[in-house]
Each structure stands twice: as C-alpha cells, then as structure tokens.
Amino acid sequence: MTVKQYKRVVLKLSGEALAGDEGFGINPAVVESIAHQIKDVYERGIEVCIVVGGGNIWRGLAGSAKGMDRTTADYMGMLATVMNSLAMQDALEKIDVNTRVQSAIEMRQVAEPYIRRRAVRHLEKGRVVIFAAGTGNPYFSTDTTAALRAAEIEADVILMAKKNTDGVYDCDPNNNPNAHKFETLEYIEVLQRGLAVMDATATSLCMDNKIPLIVFDIDKPGNILKAASGECIGTIVGGKM
Ligand code: UDP
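Since this is a predicted model, take the numbers as computed values, not measurements.

### Structural notes on the overall build of the protein chain
Stage number 1. Scanning the protein chain from N- to C-terminus turns up 8 helices and 11 strands.
Stage number 2. Judged by the C-alpha coordinates and their principal axes, the protein chain covers about 50 × 45 × 35 Å.
Stage number 3. Expressed as a percentage of the 241 residues in the protein chain, the buried residues total 51%.
Stage number 4. At a minimum sequence separation of 6, the contacts of the protein chain that also span at least 24 residues come to 71%.
Stage number 5. Element-wise, carbon and sulfur atoms account for 49% of the exposed surface of the protein chain, whose accessible area totals about 11,400 Å².
Stage number 6. For the protein chain, the distance from the average site of its 27 positive side-chain charges to the average site of its 30 negative ones is 5 Å.

Shown next as structure tokens:
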C-alpha cells in the first residue's frame, strides 16, 4: 500500500552495494543498474541525495587493525568514497540524470566542496547530489554522514539500501530460521538491542533529529523507488509505513 511519496530523500549506499558478487571494487554493471533505479525515483520528481560508503575499497578500522594509524586509515576510507561517488556520477550522467558531487574534503579538480545551501539549490534545480568523503572527519562512518546530511538538508527520510538483507531482524536470519523481521522499530530499541542497522553515532543523530530510516534490500529491482514512494518494504525505524 502506498502511504506517501517522500519529497526529499537521502539514499545511503554501502560501498559493498557497488561491488556486486565479487564483494570488492566497483562493478560497472551493478553501478549502472543502481543508476537506473535512482533515475526512476528522480523522474517521479523526488529530490535525491546519495551518500556512498567506501567499504568495497577500504575501511579505516580494518587498516588500523593491521597496524596503520587510525586517522590515516580513515582518511583513506574517505578517499575510497570519492571514487565510488565518481563512479555513481558517471553512471547517472550516462543516462541523462544531472548530478553534482560535493566532497567534504576539498578537491576542486574532482568535485565541488560541500556547501549546504548550494546542495539544496542543486536539488531544487532537479539535480541529484552525491555527498563524497563522508563527514570529512576520521572516526566517523558514512552512516553518520547520511544522518548528518539528512538533518542539514531537511530530508524526509534516509533510504538505507542493504545487501543480503531485506530489513532488520532480531537475530541473523542466515543462522536462525526463527529470526523475526521487524516492520517498525524505534531508534531507542535499535540502540538498546544493539541491532546492526547503522552505528550508534548515526542512530543517535537520527533519533535526536527525528529522521526516519527505511532499511531494505538493494538487490530487488524497483526497491529504491518503492521505498521512496512510501511503500511498505523492509523495516522502518523511527517512523510509520
Ligand atoms: N570514514 C571516515 N569518516 C567519515 C566517513 C567515512 O573516516 O565521515 C572512513 C572510515 O574509515 C570508513 C570508510 O571511510 O571505514 C568507509 O566508510 P564506511 O565504512 O562507512 O563505508 P560502507 O560500510 O558504507 O561501505
């Protein structure tokens, strides 16, 4: 059942979502198919921002676990998100979707710097805005980036596109056939139960700013549009379907 179509959404894509079955790197065919899904949303007149992760290339925590300085490793992770953002931009522009990449770390030859007011203007002009380089700060994640940007640009919802899961469960459905899938959840439950929706910093930011979150399966074609149109798919956190 369609409840409502959102006006402005932040789509969070994990780096893994761009990797396809290889699990690492960028798979152009996968990126192209996600771009088509995003175009469907954009053509409905829904304003779309994208935050892309970097885990398909590099994760700061993994680097620091191997002895690297955490801050350096995190900056490398942020640079990985820039590569993913450019891949996403390329795929979208190829199918005539106007985009701008805004980077939280200045790199003027590659992307605009992140400027909130300019990002909002791009959205109003019908461009998809891709936020690259996370928050620009080490010790954070791109989930937190999605929460932060959603609050800043007053998005209606965060669409949390996940790989290999179609919502939030009380335990791992791959290991437990009796795992229960939640249709709705409150942020505080996510924190108290330690559910793997997004990290605690990102969850708190969403809770404090009352930003609902829809967790759904990216691999089902059409799901991004369904989520943006308010259809009951996956799990909604901090809101109603
Ligand atoms: N990162 C960071 N600050 C940010 C966002 C990201 O330091 O604001 C780094 C961090 O090292 C992280 C990496 O970038 O491991 C990739 O981001 P993330 O793990 O969130 O990507 P995803 O899991 O969504 O692919």
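### Structural notes on the packing of aromatic side chains
Stage number 1. Counted by the stated rule, this structure contains 1 aromatic pair.
Stage number 2. A centroid spacing of 5.5 Å and a plane angle of 80° characterise the contact between Tyr114 and Phe131, whose relative ring orientation is edge-to-face. Remark: Phe131 occurs in strand S5 (residues 128-132) and Tyr114 occurs in the loop between strand S4 (112-113) and helix H4 (116-124); sequence separation between them is 17 residues. Note on accessibility: Tyr114 and Phe131 belong to one class, buried.
Stage number 3. Stacked on the ring of Tyr114, the Lys or Arg Arg149 has its end atom at 3.6 Å from the ring centre.
Stage number 4. The ring of Phe131 is capped by Arg149, whose NZ or CZ atom sits 5.6 Å from the centre of that ring.

### Regarding the packing of helix H5 (residues 142-152) against helix H7 (residues 200-209)
Stage number 1. Direction vectors running N to C along H5 and H7 enclose 20°, while the axes themselves pass 8 Å from each other. By the criterion of interaxial angle, the relationship of H5 to H7 is roughly parallel. Our pair here, H5 against H7, has a crossing hand that is left-handed. Contacts between H5 and H7 involve Asp143, Thr144, Ala147, Leu148 and Ala151 from the first element and Thr201, Ala202, Leu205, Cys206 and Asn209 from the second.

### Things to note about the UniProt feature "domain: Aspartate/glutamate/uridylate kinase" (unreviewed entry) in the protein chain
Stage number 1. What UniProt calls "domain: Aspartate/glutamate/uridylate kinase" (unreviewed entry) maps, in this numbering, to residues 7-217.
Stage number 2. For the annotated span residues 7-217, helix accounts for 40% and strand for 19% of the residues, and the straight-line distance between the end C-alpha atoms is 21 Å.

### Considering the layout of surface pockets
Stage number 1. As a volume, the largest pocket reaches approximately 730 Å³.
Stage number 2. If you trace the largest pocket, you find 33 residues lining it, with Lys12, Arg59, Ser141, Thr142 and Asp143 closest to the centre.
Stage number 3. Secondary-structure elements contributing two or more residues to the lining of the largest pocket are helix H2 (60-65), helix H3 (70-94), H5 and strand S6 (157-162).
Stage number 4. Broken down by element, the lining of the largest pocket gets its largest block of residues, 5 residues, from H3.
Stage number 5. Roughly 260 Å³ of internal volume is contained in the second largest pocket.
Stage number 6. Taken together, 16 residues form the lining of the second largest pocket, with Thr165, Gly167, Tyr169, Pro173 and Ala196 sitting closest to its centre.

### Quick notes on the nonpolar core
Stage number 1. Residues Leu13, Ile50, Met88 and Leu159 are the most contacted members of the largest nonpolar core, which totals 40 residues.
Stage number 2. With 5 residues, the single largest contributor to this core is helix H1 (residues 28-43).
Stage number 3. In contact with Leu13, other than residues within four places in its own chain, are Leu18, Ile34, Ile50, Val51, Val52, Gly53, Met88, Ala161 and Ile218.

### Section: a nonpolar patch on the surface
Stage number 1. Nonpolar side chains collect at one region of the surface, where Ile26, Ile57 and Met83 lie side by side and expose about 240 Å² of accessible area between them.
Stage number 2. Residue placement: Ile26 occurs in the loop between strand S1 (8-13) and H1.

### Focus: the environment of Lys4
Stage number 1. Topologically, Lys4 is positioned in the segment before S1.
Stage number 2. By relative accessible area, Lys4 is classed as partly exposed at 41%.
Stage number 3. A sequence separation of 114 residues divides Lys4 from Arg118, and the C-alpha atoms of the two residues are 27 Å apart.
Stage number 4. When residues no more than four places from it in sequence are discounted, the contact partners of Lys4 are Ala228, Ser229 and Gly230.

### What about the pairing of strand S10 (residues 213-217)?
Stage number 1. Most of S10 is tucked away: 5 of the 5 residues are buried.
Stage number 2. What you see with S10 is no split at all: Leu213, Val215 and Asp217 on one side and Ile214 and Phe216 on the other are buried throughout.
Stage number 3. Pairing analysis gives 3 bridges linking S10 to strand S11 (residues 235-237), with the strands arranged antiparallel. Opposite Ile214, over in S11, you have Ile236 as the bridge partner.

Calculation criteria
Residue positions are given per chain, counting from 1 as you read along its sequence in written order. Where local features are concerned, this predicted model is filtered to residues with pLDDT of at least 70; where side-chain atom pairs are given and counted, the filter is 80 or more; whole-chain, interface and lining totals use all residues. Side-chain metrics rest on all non-hydrogen atoms present in the structure, leaving aside hydrogens and water. Only DSSP runs of H or I covering at least 4 residues are called helices, and only runs of E covering at least 2 are called strands; the numbering of each starts at the N terminus. Three exposure classes are used, based on accessible area relative to the maximum for each residue type with a 1.4 Å probe and protein chains only: buried under 20%, partly exposed in between, and exposed over 50%. In this description, contact between two residues means that some pair of their heavy atoms is separated by no more than 4.5 Å. Note on areas: Shrake-Rupley, 1.4 Å probe, and residue coverage restricted to the protein chains presented here. Counting rule for charge: Lys and Arg are taken as positive, Asp and Glu as negative, and neither His nor the chain ends is counted. To locate a charge, the coordinates of NZ of Lys, CZ of Arg, CG of Asp or CD of Glu are taken. Here the aromatic set is Phe, Tyr and Trp, taking the six-membered ring for Trp, and pairing holds for ring centres within 6.5 Å; pairs whose planes are under 30 degrees apart are stacked, those over 60 apart are edge-to-face, and all others are tilted. By definition, being over a ring means that NZ of Lys or CZ of Arg is both within 6 Å of the ring centre and within 35 degrees of the ring normal. Comment: axis = line fitted to C-alpha atoms, over the contacting stretch for helices; angle = value between 0 and 180 degrees taken between N-to-C directions. Orientation is classified from the angle alone, with under 35 degrees giving roughly parallel, over 145 giving roughly antiparallel, 65 to 115 giving roughly perpendicular, and any other angle giving oblique. Each crossing is labelled by how the near helix is turned from the far one, with a counterclockwise turn of less than a right angle marking it left-handed and a clockwise turn marking it right-handed. UniProt positions are given in the numbering used here, feature names are shortened, and annotations may be inferred rather than shown by experiment. A 1.4 Å probe that fits but cannot get out identifies a cavity on a 1 Å grid over protein atoms alone, an open set with protein on both sides within 12 Å along at least five of seven lines counts as a pocket, and a residue lines either if it has an atom within 4 Å of a point. Grid points are joined across faces, edges and corners, and a volume is the space filled by probe spheres set on the points. We call a set of buried residues a nonpolar core when its members are Ala, Val, Leu, Ile, Met, Phe, Trp, Tyr or Cys and they connect through side-chain atoms within 4.5 Å of each other. By definition, no residue in a patch forms a salt bridge, and every one has over 30% relative accessible area; like charges are joined within 9 Å, nonpolar side chains (Val, Leu, Ile, Met, Phe, Trp, Tyr) within 5 Å. For this analysis, a salt bridge means a side-chain nitrogen from Lys or Arg found within 4 Å of a carboxyl oxygen belonging to Asp or Glu. Strands were regarded as paired on the criterion that DSSP finds at least two bridges between them.

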